[in-house]
Each structure stands twice: as structure tokens, then as C-alpha cells.
Protein chains: 2
Amino acid sequence: MNVLMNVRELIKAHGDIEREVYLDFENSGPVLPEVIEAMLPYLRERGYGNPTITHKPGWEAYEAIMEASEEIAGYIKASSFEELHFTHSDTEANNIALLGGFSANRKLGRRVVISKIEPLSILFPAQMMRKNGVEVVEVPVNNEGFVLENELLKAVDDETVIVSIGLVNHEIGTIQPIKELVEVVKERNPCTLFHTDASDAYGRIPFDVRELGVDMATLCSYKIQGPRDIGALYVREGVKIDRILEGPLGTESLWPGLENVPGIVGFQMASRLAFENLHEKARRLKGFRDMLITEILEKIPETILNGPRGDRRAPDNVNISFLRCEGEALTIELSLRGVYVSSGSACTRRLLQPSHVLLAIGRKYEEAHGSVLMKLSSKHGFEDIQYVLKVLPQAVGRLRSISPF
Amino acid sequence: MNVLMNVRELIKAHGDIEREVYLDFENSGPVLPEVIEAMLPYLRERGYGNPTITHKPGWEAYEAIMEASEEIAGYIKASSFEELHFTHSDTEANNIALLGGFSANRKLGRRVVISKIEPLSILFPAQMMRKNGVEVVEVPVNNEGFVLENELLKAVDDETVIVSIGLVNHEIGTIQPIKELVEVVKERNPCTLFHTDASDAYGRIPFDVRELGVDMATLCSYKIQGPRDIGALYVREGVKIDRILEGPLGTESLWPGLENVPGIVGFQMASRLAFENLHEKARRLKGFRDMLITEILEKIPETILNGPRGDRRAPDNVNISFLRCEGEALTIELSLRGVYVSSGSACTRRLLQPSHVLLAIGRKYEEAHGSVLMKLSSKHGFEDIQYVLKVLPQAVGRLRSISPF
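Since the model is a prediction, treat every value here as computed from it, not as a measurement.

1. Topic: the overall build of chain A
Within chain A one finds 16 helices and 13 strands. Against the globule reference of 22 Å for 405 residues, chain A gives a C-alpha radius of gyration of 22 Å, in line with a compact fold. A burial count over chain A gives 66% of its 405 residues as buried. Contacts in chain A between residues far apart in sequence, at least 24 positions, make up 71% of those at least 6 positions apart. When the accessible area of chain A is evaluated, it comes to approximately 14700 Å², of which 50% is carbon and sulfur surface. For chain A, the distance from the average position of its 46 positive side-chain charges to the average position of its 57 negative side-chain charges is 3 Å.

In C-alpha cells:
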């Protein structure tokens, strides 16, 4: 338990902090008070039954799940609540889309195509499939993270079962023109299924699954300040997917076991809050985002923006590389000042390599190691942004002053 | 949404109820107030970070997970907290034990042995494995649900990779002599891994994984009034298991994705409450259990107890068949009187057949269809038991009066 002792020392080292600004919505986040309030009754007052059992607490659970399905299906303009399948989280939804989608449609061929900048919950299952004999092609992107359409066209063949490309990139905020990419794929092979991980788009930018033309889309609750352990996979009517786990089936045909009713109700409320005045909130987020980007690039030397600017970038995403700064060290320096961010550094990610996304857009190792990812929430105010802009140069300055390079 | 309309009518039909007695802890249940109180701070005040990220809310999450692992590992006498792996629930733990356990050890052979009375989260993954070419043998049980040792000995061969037999049967409460069964298996084939689904034992009867000699054991939170969406798989040090899903890895090497910190903290508190005065609570539960069994069998004609009596039966389990009564109808009749139970009827379970457990112990179809499962909690009091004994004859009487048989 040595790690635990170090962790306790690190927590203690924080002492009095002037202000806390949480910017790590990529990896989790605090649940909104309204969401907790919506969940609480379902923990012990109502709907605490199993929705497949014929008694009052079971029927209440069933009702809650159906109402949430209908509301969430509406936000993405699905044709019916039956196209929405709750799963534990985005990781599970992405795994079913790839593994279960491939298994149910393997008569169509033996290839899966993803982009080089997909999240680990797509990249790693794809690598597992490759070990099991599936042909996995990773399509490159340009230096802003946009998928190269001619490379995509080359990658898709008569044997391609699934293409998976995220709607908004989780690290650098690139908003892919998914509708165009779906057309490229379907024109080449109309049987190929198109999946998009929309976890970083849902509740931040509006989208319509029918207009995009996707067959499957992953949604996630914790990225919009809903509870953990709940997400969903949209599956267009008629698309066949195999389960990857087995067990007792309730309301969810794709995932066995007891439904997480409080989580589903919380996801529903977090979605409702996110979609309220979505356009206005996105405009405000973009203002803060651009304020952070402009001031950091101007005031701190040797900094590089990762990902595109303007309307082609997610409104909440700021990703900047600080040269001569190790990312993990910077997250710690910032934490001690109450600012919580993540980094594409290999150390932070406990992987052998720094962010594969940053390497794919052409960043060098040292640039990727010094990257910091900040994701804004609509609850952030001007003072939060000013505080980040105050402490960031201090933290970077301190690290550079002790850097050997 | 016709089903939803019917469900709403059914909920409305309940009106004023004299007393509510929830007895369906087999399938879910209300979370204890102390558990909710323990979870609440982790939703938005502390530990709301991702435990792999180097900032305060992440370190707090890491600390919470490690402390919970250590405490829960202690309750089952594991050698180390590292042997405990959190999973979403018992369904996921059972799936990894079978699918991941087989995959990592497939060089040992091609057979899996289970009993005929395992839960669906064991039976269905085993059937999926059978479709994929694994030899699955189901060992029969006697009329009280005890595994036939000579049949088990015959089933285990040189090629048997895993044996999975539950410690306490989820439906009829049979407490298997697991230590003896492990000895039978290991004597025949020392390489065979022994898994036990201990979800129905954990927090109800004491057990020691080292003394039992099992290699893997499934634990579950919702069955002890903890939150849903959390469970654990104990894996003895040195036993190899493959992941069945892929994605970013945090503190849990067997399951990728963001850890459910509030759920883990809730599971820890539910465990603490369950293990407090465990022996005294078990004695009290047995009193209530035997009061229910004796009075029902005496006062209601044409009733049969399913499962053993006395110390060989789980202290919380009551399972009785009411002849000339359809189980689903009985759960509804009882619900309208505030008593919430489940049934082994095929209708309730939305399966083609009634409970495979009841059929395996020799019950006829009509006996299985009319079965009712009640699981007691240490929060139940004498008045609750008296209320059940008052309304049960009314409900059975009404159904029998309109029965065509």
C-alpha cells in the first residue's frame, strides 16, 4: 500500500486553496445537485425493484426506465425509444458496438475500420479483434484531427463490417463531418455499419442520428455531470448486434443483469439540463474556451494549440502543449493550486506512450508529453477562467525553472 | 408503449396499503440510509475524479477504492486487497469468471462443469460457451439442491478448466459444502479452477475463501441493500483471467473504464453493516424464516417447501410452492396488499420454462409455476412477518377461488 501512502501525502499537501476549478470532465466529474436530487428517491423510496418483476417497486422501475429511454432518444432524434439501449458506460457501449456488431454481422466480411484518434475504448477492443484474426485498419487524420476522406475511401472494402469514427474527438475536440464520412463509406459499401462514439458531442453540440445516417452511436452520462456507470448505445432499428455477456435479461436486450435505475434517472436529468438552452450555453462555452486559448498562447511562451479552432472545435475543449513541461508534473502543480486537469503524458496515462491522438496529428513526443487537456462545463464562470489564467503561468514557470532542458 | 400504460394502471391500483414488506432481495432492493449517506459525498464533494488522474479529486477516488478493497477483502478473509476486483455487478463477475477464466487457461482443456441450479448469469454464459465449442457439463443435485458428489467426480476430467458451483443457491437457499466439493474436484484434477458465486452468501453467512479453497468467488452489493451496479470478483493470487472487454484501465485490471467510486463506497458500507453482528442477525433471520415456513405450511393447504431446512438453508431464504396458484398472479395479488415477492413462474421470468432450479430438484411444472421466493432482511421485524402471514392466505384463497383447476 505504498502508493496509497503517497496519495494520502499528496492530498494533505493541498491545504487552503483560494479557488477550485475542475476541468477534467474528460475523465469524470462531480454530479450536478439537480441530478442527485432526481436520483435519490430511486435509491430507496420508489422504483427500487427489478423492472422485470411484477410488483409495485418493479413496475415503478420499469416506468422510470421507459420514460428515460423516451426522453434521451428524443434528444438525439432517434425514431423510437426502442433504439436506445442502456449500458454501464461509454466503454461498454463502444465494446458492444464493435465486438457485438462484428459478431452479429461477420458474414459480411472480416474488416473493421477506425480512425487513428479513437478513444482507448475503441482502439483497445479493435486491437483485441485484430489478435483474433479480424483485419483492423486505422485511418490517418490531418494535423487538426480531421479524418482523411480519401484514406477512408481506400480503407473501406467489400469485406468491411464496421467503421467507427467519433463525432467529437475526446482529446482535441475535432468535430468530424460525420454525415459526409457516412456517405463516403455507404457509397463504397452500403452494407458496412457506421458507429460513432458521440460521448463528447452529446449535450455539448446538437446532433440528429437520422440526419447523420449512423447505425450506432455511443452516449455517456458522466461527461455531462450525470452519474457514472451509465451510458447508452443507440442502434438503428433493423441493425443486428450480439450480446457479449450473458445472463438474465430485463428491459435491456443488449446487456444482461439488473438495470441501474437510479443511474438511468440521473442520466435522464443530466441530459435534460444539458439540452436546456444548448445553443446559448455552447456560445458561452466557446467564449471561455477562446479566452483560455488566446491568453495562454499569448502569455505563456512555447505553447501550441492541439486541434482545430472555431466552429470545427467542440465548445468545451482546450488542449495545449507546454514545451519543456512534463504533463504529469503540471497536473500536480495545478492541483496544488486547485485547478484539476488531465494530460496526454505517458506517465499520467500509465501507458508506454503519450497520447496516440497527439502523435496522430503530428505532435512530437515531447510536445505530447507536455500537453494539458481542459474541458469546460456550463457551470464555470468568468472568475474561474481568470483564476486558471492566473495560476497556469505560475505552475508552468515553476516547472520550467527546474527543468533540465 | 402499451406495456407502459398497463404498468401505470397497475401502480395506480395500489391505493392505500396497510403496510409494505419488501421481500424480493433476490432481484434488487432499497438501499440502506447509512449506505446512501456514505455515498453522497462521493457524488460531488470528494473523490469525484478518475482514480488514474494525478489531481486531488483523482487521488481521493484512488484512496476510497483502496480502502474499500481492503475492507471487503477482509470480510471474506482474502490474503490481500489485490485479490479483489470490482465489477459492475454479479452478472459481470460471473461472466468474467467463466469466459475470462476459460480464455486465459484454455491450454488446460475444453470442459466447464457447473451445477444444474446455477443462476442465469452462470447458466447462460455457459450455454454461450457451449455454442462456441466448449464442452459444458451440468451436474445434477438431490431433491434439496445439494450437488451429487459422485456425479461431480464423474463430470470432472483431465480437460476440465473450470468448475462453478454457487455457495448458497439463489432460489432455494441450499448451502453447498463447497470445501468438500473443492476437495473432490482438486483431487481429481488439481489444475481445475473452482469458482463459486457467493452473492447469496456474502453478508448472510460467514465464509473464508482460503478455508473453502476456491480460486474465484463472486460478491454482490444490491443483495445486501447496497447500491446496484457494483459487485466484485475475488481471484486468488496467481490465477490468470483474461479481460472480456477492452478499454482504458484504471485500478481494476479485469474491467476497463471509469470506476464507480460512489458505488464502491456504498458497497463497502453495506458490507460493514451486513457483517456487524452477523451471527446474531443470522439467528434472528432464521427465527423469522422458520416462523414463515412453519405457519405457511401449516395454515395454507397444498403447499410445499422448496430447498432444505435448518442450518443447511440460508437464513434469509423462504421458497414455497402454492399448488393451484399461478406464481405471477400471486406476486400481483400480494403487491396489491403491499407484500413484494418474486416467483419461479415462467411468466414472471419472461422465459419459456419455469425455474430451472425447481425443476432440477424434482418439482413438477405446476409446482414450479406456483412458487414464491421471499428473502428476508435484518431490517424486518415481527410485525412484518405477521403481516405477511395475514395477507398470504387471503391472496392464495382469492386466486384458488377463481382457479379453473
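2. Some details on the packing of aromatic side chains
All names here are of chain A. All told, the structure shown has 15 aromatic pairs over all chains when counted by the stated rule. Centre to centre, the rings of Tyr22 and Phe25 are 5.2 Å apart; their planes meet at 80 degrees, and the pair counts as edge-to-face. With respect to burial, Tyr22 and Phe25 carry one shared label: buried. Grouped by ring-pair contacts, the aromatic residues Tyr75, Phe86, Tyr202, Phe267 and Phe275 constitute a single cluster.

3. Section: the pairing of strand β5 (residues 160–164) of chain B
Every regular strand shows the same layout, with side chains that alternate between the two sheet faces. All names here are of chain B. The buried fraction of β5 amounts to 5 of the 5 residues, a majority that puts the element mostly inside the structure. Sheet topology note: the strand β3 (residues 111–115)/β5 ladder contains 4 bridges and is parallel. Of the residues in β5, the one forming a bridge with Arg111 is Thr160. As paired strands, β5 and strand β6 (residues 193–197) are joined by 3 bridges and run parallel to one another. Following the sheet pairing, Ser164 is matched in β6 by His195.

4. Details of the packing of helix α11 (residues 278–299) of chain A against helix α16 (residues 382–402) of chain A
All names here are of chain A. Contact pair α11 / α16: the axes reach a minimum separation of 11 Å and the direction vectors enclose 20 degrees. In terms of their interaxial angle, α11 and α16 are classed as roughly parallel. For the element pair α11 and α16, the recorded crossing hand is right-handed. Contact with α11, carried on its side by Phe288, Met291, Leu292, Glu295 and Ile296, involves Phe382, Ile385, Gln386, Val388, Leu389 and Leu392 of α16 and no other residues of that element. Class assignment of the residues belonging to the contact of α11 with α16 gives a composition of 9 nonpolar, 1 polar and 1 charged.

5. A short note on the side chain of Thr192(B)
Residue and element names in this part refer to chain B. The topology assignment puts Thr192 in the loop between α8 (178–188) and β6. A distance of 2.8 Å separates the side chain of Thr192 from the backbone oxygen of Thr160, its partner in a polar contact. Sequence-distant contacts of Thr192, that is, excluding residues within four places in its chain, are made with Val156, Thr160, Val161, Ile162, Val163, Val185, Lys186 and Asp215.

6. Concerning the environment of Tyr48(A)
If you trace the backbone, Tyr48(A) turns up in the loop between α3 (41–44) and α4 (56–75). Taking the relative accessible area as the measure of exposure, Tyr48(A) reaches 8% and is therefore buried. It is 7.8 Å that separates the C-alpha atoms of Tyr48(A) and Glu60(A), two residues lying 12 residues apart in sequence. Setting aside chain neighbours within four positions, we find Tyr48(A) in contact with Tyr42(A), Leu43(A), Pro57(A), Tyr22(B), Ser28(B), Gly29(B), Pro30(B), Arg228(B) and Tyr340(B).

7. Details of the interface of chain A and chain B
The interface of chain A with chain B comprises 77 residues on the first partner and 77 residues on the second. Carbon and sulfur atoms supply 66% of the area that chain A and chain B bury against each other, a total of about 6800 Å² over both sides. Of all residues in chain A, Tyr48(A), Trp59(A) and Arg228(A) give up the largest surface area on contact with chain B, accounting jointly for 11% of the area buried on that side. Our enumeration of links across chain A and chain B arrives at 6 salt bridges.

8. So, the pattern of salt bridges
Tallied over the entire structure, the rule returns 67 salt bridges over all chains. One salt bridge in this structure joins Arg111(A) and Asp157(A), with 3.5 Å as the shortest N-O distance. Of this pair, Arg111(A) sits in strand β3 (residues 111–115) while Asp157(A) sits in the loop between α7 (149–155) and β5 (160–164), placing them 46 residues apart in sequence. For Asp157(A), a relative accessible area of 18% corresponds to the buried category. Where salt bridges share partners, they join Arg8(A), Glu20(A), Arg46(B), Lys56(B), Glu60(B), Glu63(B) and Glu67(B) into one cluster.

9. Concerning the relation of the copies chain A and chain B
Structural alignment of chain A on chain B gives an RMSD of 0.0 Å, achieved by rotating through 180 degrees and translating 0.0 Å along the axis. One copy is carried onto the other by what is essentially a two-fold rotation axis. Of all interface residues in chain A, 100% are interface residues in chain B too; the two copies therefore contact each other through one and the same surface.

10. Describing the domain arrangement of chain A
Residues and elements named next belong to chain A. When cut into domains, chain A gives domain 1 (14–30 + 278–401) and domain 2 (33–275). The C-alpha centroid of domain 2 is placed 27 Å from the C-alpha centroid of domain 1. Overall, the association of domain 1 and domain 2 removes approximately 2600 Å² of surface from exposure, summing both partners, and the carbon and sulfur fraction of that is 54%. Our count for the domain 1 to domain 2 interface comes out at 4 salt bridges. With its nearest N and O atoms 2.4 Å apart, the salt bridge here joins Lys375 to Asp200. Where domain 1 packs against domain 2, one counts 15 residue pairs in polar contact (both at pLDDT 80 or more). Only α11, β10 (317–322), α14 (356–360) and β13 (371–375) provide two or more residues apiece to the side of domain 1 that touches domain 2. In the side of domain 1 that touches domain 2, the residues fall into 13 nonpolar, 10 polar and 9 charged.

11. Points about α8(B)
Residues and elements named next belong to chain B. Along α8, the residues that are buried comprise Ile178, Leu181, Val182, Val184 and Val185. In an axial view of α8, the angular spread of the buried residues amounts to 160 degrees, which keeps them on one side of the axis. On its buried side, α8 packs onto α7 (149–155), β5, β6 and α9 (209–212).

12. A word on the sheet that holds strand β12 (residues 342–343) of chain A
All names here are of chain A. Strand order across the open sheet formed by 4 strands is β9-β10-β13-β12, with antiparallel pairing between neighbours. Strands with a single pairing partner mark the edges of an open sheet, and in this sheet they are β9 (303–305) and β12. Here β12 runs beside β13; their pairing, made up of 2 bridges, is antiparallel. Note on β13: the bridge partner recorded for Ser343 is Val372. Each of β9, β10 and β13 touches α11; the most contacted strand, β10, lies at about 10 degrees to it.

About the cut-offs
Residues numbered from 1 in each chain as written. Chains lettered and ligands numbered in written order. Predicted model: local features only at pLDDT ≥ 70, side-chain atom pairs only at ≥ 80, totals over all residues. Heavy atoms only, no water. Helix = DSSP H or I, 4+ residues; strand = E, 2+ residues; numbered from the N terminus. Rg over C-alpha atoms; globule rule 2.2 N^0.38 Å. Buried < 20%, exposed > 50% of the residue type's maximum accessible area, 1.4 Å probe, protein only. Contact = heavy atoms within 4.5 Å. Areas by Shrake-Rupley, 256 points an atom, 1.4 Å probe, with all protein chains shown as cover. Lys, Arg positive; Asp, Glu negative; His and termini not counted. Charge placed at Lys NZ, Arg CZ, Asp CG, Glu CD. Phe/Tyr/Trp six-rings, centres within 6.5 Å; stacked < 30°, edge-to-face > 60°. Pairing = 2+ DSSP bridges. Axes fitted to C-alpha atoms, helices over the stretch in contact; angles between N-to-C directions. Parallel < 35°, antiparallel > 145°, perpendicular 65-115°, else oblique. Left-handed = near helix turned anticlockwise from the far one by under 90°. Nonpolar A, V, L, I, M, F, W, Y, C, P; charged D, E, K, R; others polar. Polar contact = N/O pair within 3.5 Å; in protein donor to acceptor, adjacent residues only side chain to side chain. Buried area = accessible area lost by both parts, 1.4 Å probe. Salt bridge = Lys/Arg side-chain N within 4 Å of Asp/Glu carboxyl O. Least-squares fit on C-alpha atoms with pLDDT ≥ 70 in both. Domains from an automatic or database assignment. Arc of directions from axis to C-beta.

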